[in-house]
Amino acid sequence: MGGAAVRGGASGAGGAAAGGVDERVVLAGIPLRNAVLTASGTFGYGTELAPFLDLRELGGFVAKSLTLEPRHGNPPPRIAEAPAGMLNAISIENVGVKAFLEEKLPALPEGVVVLASAFGTEPGLYAELAARVSSHPRVAGIEINASCPHVKAGGIEFGQDPRLLAELVATVRRATARPLLVKLSPNVTRIADMARVCEAEGADGVTLINAVQAMEVDVERRRPVLSNILGGLSGPAIRPIALRMVWQVAQAVSIPICGVGGIGSAEDAVKFLLCGATAVQVGTQNYLDPTAAVGIARASRTTPAGTAFSASPI
Amino acid sequence: MACGFGVCLGCAAPRSHGGFALVCRQGPVFEAGEIDWAGLP
Ligand SMILES: Cc1cc2nc3c(=O)[nH]c(=O)nc-3n(C[C@H](O)[C@H](O)[C@H](O)COP(=O)(O)O)c2cc1C
Ligand code: FES
């Protein structure tokens, strides 16, 4: 298996001298300050936390998934606790692309690397959204959410059917020249096949994994906890699944991988890099500790664990 | 309440005129008429 650089990934090798780590990471054509991003839906639009954190310390952040029009999510309960994680069925509540471009993006400090996440119920809507966000200079790249586990139409359907996924990626690819990542669903039998489809249709990289489809039951009320019945499991509970899938995808494609799932520490992040990821995203851990991602990003530069950020994959 | 600062959208309470309010950011205290009480679990 080739090193990260072969995958267009972390340019770590040359910079590891003198106790330092080369901070320059290129993910799917997007230059990043370091390999640590935050995951879509777990960091809002950045504006919520910008007063408390220097978001420029992050490699970047992926904003909440967008639809063309503003969208309300599911009725409560939308979230539930789970062992070593949580369930959610928010259902892509978002401000819509117009407010994102006109209000949210301009409110962010210069120098913050922003990826927009696109969601829709059909390929044409994803493509239109991708084209809209591509027109904005602050959008460094686009992540297609082909994997939301609890929306009734769209999302996961695309991530579970290779033919639909191919059509989706090809359609969005025609609509944007920006770096394009496809966020994959773990709710499939062969994740590597899905990644191959993305590579073949011109995606610049893949992000994995989204939440694992799951449910929880309230025994006293004798009904599901979530109003939507089904939700997505995230947090440390899914990390070994995510590592397995990142490793499998790394064997199958040569486009770079952004690893997500249960990352709570620099050591967790390094595990993903060792499995073949070029960069990582921190998700649920942001809720427990809003400074977690910045802390991991700092560790990627300064701690002994950080030296492993430039390691070759296993 | 997962995050407490408005990024997870998990604490949504239905508004009487449609849409949702975030209890962590826009609440936790609301005018009674603002909330669709029947829509709460
Ligand atoms: C409350 C919540 C909302 C999420 N919203 C989105 C979303 O809008 N778009 C998306 O691509 N992923 C979304 N995700 C999935 C995360 O980005 C991430 O893929 C998943 O939670 C696994 O990573 P983690 O275990 O670090 O949280 C959401 C996750 C949670 C918990
Ligand atoms: S608790 Fe996360 S948005 Fe309110």
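Anyway, here's the lowdown on the structure attached to this text. Computed from a predicted model, the values in this text were never measured in an experiment.

### Things to note about the sheet that holds strand 11 (residues 212–214) of chain A
All names here are of chain A. Taken together, four strands build an open sheet; the order of strands is 5-6-14-11 and the sheet is antiparallel. Because the sheet does not close on itself, it has two edges, and the strands there are strand 5 (79–82) and strand 11. Taken pair by pair, the neighbouring strands of this sheet meet at an average axis angle of 35°, ignoring direction. Sheet topology places strand 6 (residues 85–88) next to strand 14 (residues 231–234); three bridges connect them, and they run antiparallel. Along strand 14, the bridge assignment pairs asparagine 88 with glycine 232.

### What to know about the interface of chain A and chain B
Size of an interface, as often reported, equals the accessible area lost when the parts are brought together. Facing 22 residues of chain A, the contacting portion of chain B comprises 16 residues. At the boundary of chain A with chain B, total buried surface from both sides reaches about 1500 Å², with 69% on carbon and sulfur atoms. Of all residues in chain A, Glu48(A), Pro76(A) and Tyr287(A) bury the most surface against chain B, accounting for 35% of the area lost on that side. Linking chain A with chain B are zero salt bridges. Taken together, the connections running from chain A to chain B amount to one residue pair in polar contact (both at pLDDT 80 or more). Across the side of chain A that touches chain B, the residue classes tally to ten nonpolar, seven polar and five charged.

### Re the nonpolar core
Residue and element names in this part refer to chain A. In this structure, Phe100, Val133, Leu165, Val182, Leu184, Val206 and Leu208 are the most contacted members of the largest nonpolar core, which totals 96 residues. The element best represented in this core is helix 6 (residues 239–252), accounting for seven residues. Excluding its chain neighbours within four sequence positions, the residues that come into contact with leucine 208 are Leu184, Ile191, Met245, Val246, Val249, Ile257, Cys258, Gly259 and Val260. Residues Val62, Val113, Leu115 and Cys258 belong to the second largest nonpolar core, which totals 13 residues.

### Examining the packing of helix 6 of chain A against helix 7 (residues 266–274) of chain A
Residue and element names in this part refer to chain A. It is at 9 Å that the axes of helix 6 and helix 7 come closest, and there the two elements cross at 25°. In terms of orientation, helix 6 lies roughly parallel with respect to helix 7. Residue-level inspection shows Arg239, Ala242, Leu243 and Val246 of helix 6 in contact with helix 7, the latter providing Asp268, Lys271 and Phe272. For the contact of helix 6 with helix 7, a count of residues per class yields four nonpolar, no polar and three charged.

### Remarks on the environment of Cys11(B)
Residue and element names in this part refer to chain B. When you line up the elements, cysteine 11 lands in the segment before strand 1 (12–14). Sequence-wise, cysteine 11 and alanine 21 are ten residues apart; in three dimensions their C-alpha atoms are separated by 8.1 Å. Here cysteine 11 is in contact with Met1, Ala21, Leu22, Val23 and Cys24, once residues within four sequence places are set aside.

### Thoughts on the site of ligand 1
If you check the shell around ligand 1, you find 22 residues, and the closest are Ser40(A), Ser65(A), Lys183(A), Gly262(A) and Thr284(A). Chains contributing residues near ligand 1 are chains A and B. In this structure, Asn145(A) approaches ligand 1 through a side-chain N or O atom, which is 3.3 Å from a nitrogen atom. For ligand 1, an oxygen atom lies 2.6 Å from a polar atom in the side chain of Thr284(A).

### Quick look at the packing of aromatic side chains
How two aromatic rings sit relative to each other is set out by the distance from centre to centre and by the angle between their planes. In this structure the tally under the stated criterion is four aromatic pairs over all chains. Aromatic pair Phe119(A) and Tyr126(A): ring centres 6.0 Å apart, planes at 55°, arrangement tilted. Tyr126(A) carries the same exposure label as Phe119(A), and that label is buried. One aromatic cluster in this structure is built from Phe119(A), Tyr126(A) and Phe158(A). Lying over the aromatic face of Phe20(B), Arg78(A) brings its terminal NZ or CZ to 4.4 Å of the ring centre.

About the cut-offs
- Residues numbered from 1 in each chain as written.
- Chains lettered and ligands numbered in written order.
- Predicted model: local features only at pLDDT ≥ 70, side-chain atom pairs only at ≥ 80, totals over all residues.
- Heavy atoms only, no water.
- Pairing = 2+ DSSP bridges.
- Helix = DSSP H or I, 4+ residues; strand = E, 2+ residues; numbered from the N terminus.
- Axes fitted to C-alpha atoms, helices over the stretch in contact; angles between N-to-C directions.
- Contact = heavy atoms within 4.5 Å.
- Buried area = accessible area lost by both parts, 1.4 Å probe.
- Salt bridge = Lys/Arg side-chain N within 4 Å of Asp/Glu carboxyl O.
- Polar contact = N/O pair within 3.5 Å; in protein donor to acceptor, adjacent residues only side chain to side chain.
- Nonpolar A, V, L, I, M, F, W, Y, C, P; charged D, E, K, R; others polar.
- Core = buried A, V, L, I, M, F, W, Y, C linked by side-chain atoms within 4.5 Å.
- Buried < 20%, exposed > 50% of the residue type's maximum accessible area, 1.4 Å probe, protein only.
- Parallel < 35°, antiparallel > 145°, perpendicular 65-115°, else oblique.
- Near = heavy atom within 4 Å.
- Phe/Tyr/Trp six-rings, centres within 6.5 Å; stacked < 30°, edge-to-face > 60°.
- Lys NZ or Arg CZ within 6 Å of the ring centre and 35° of its normal.

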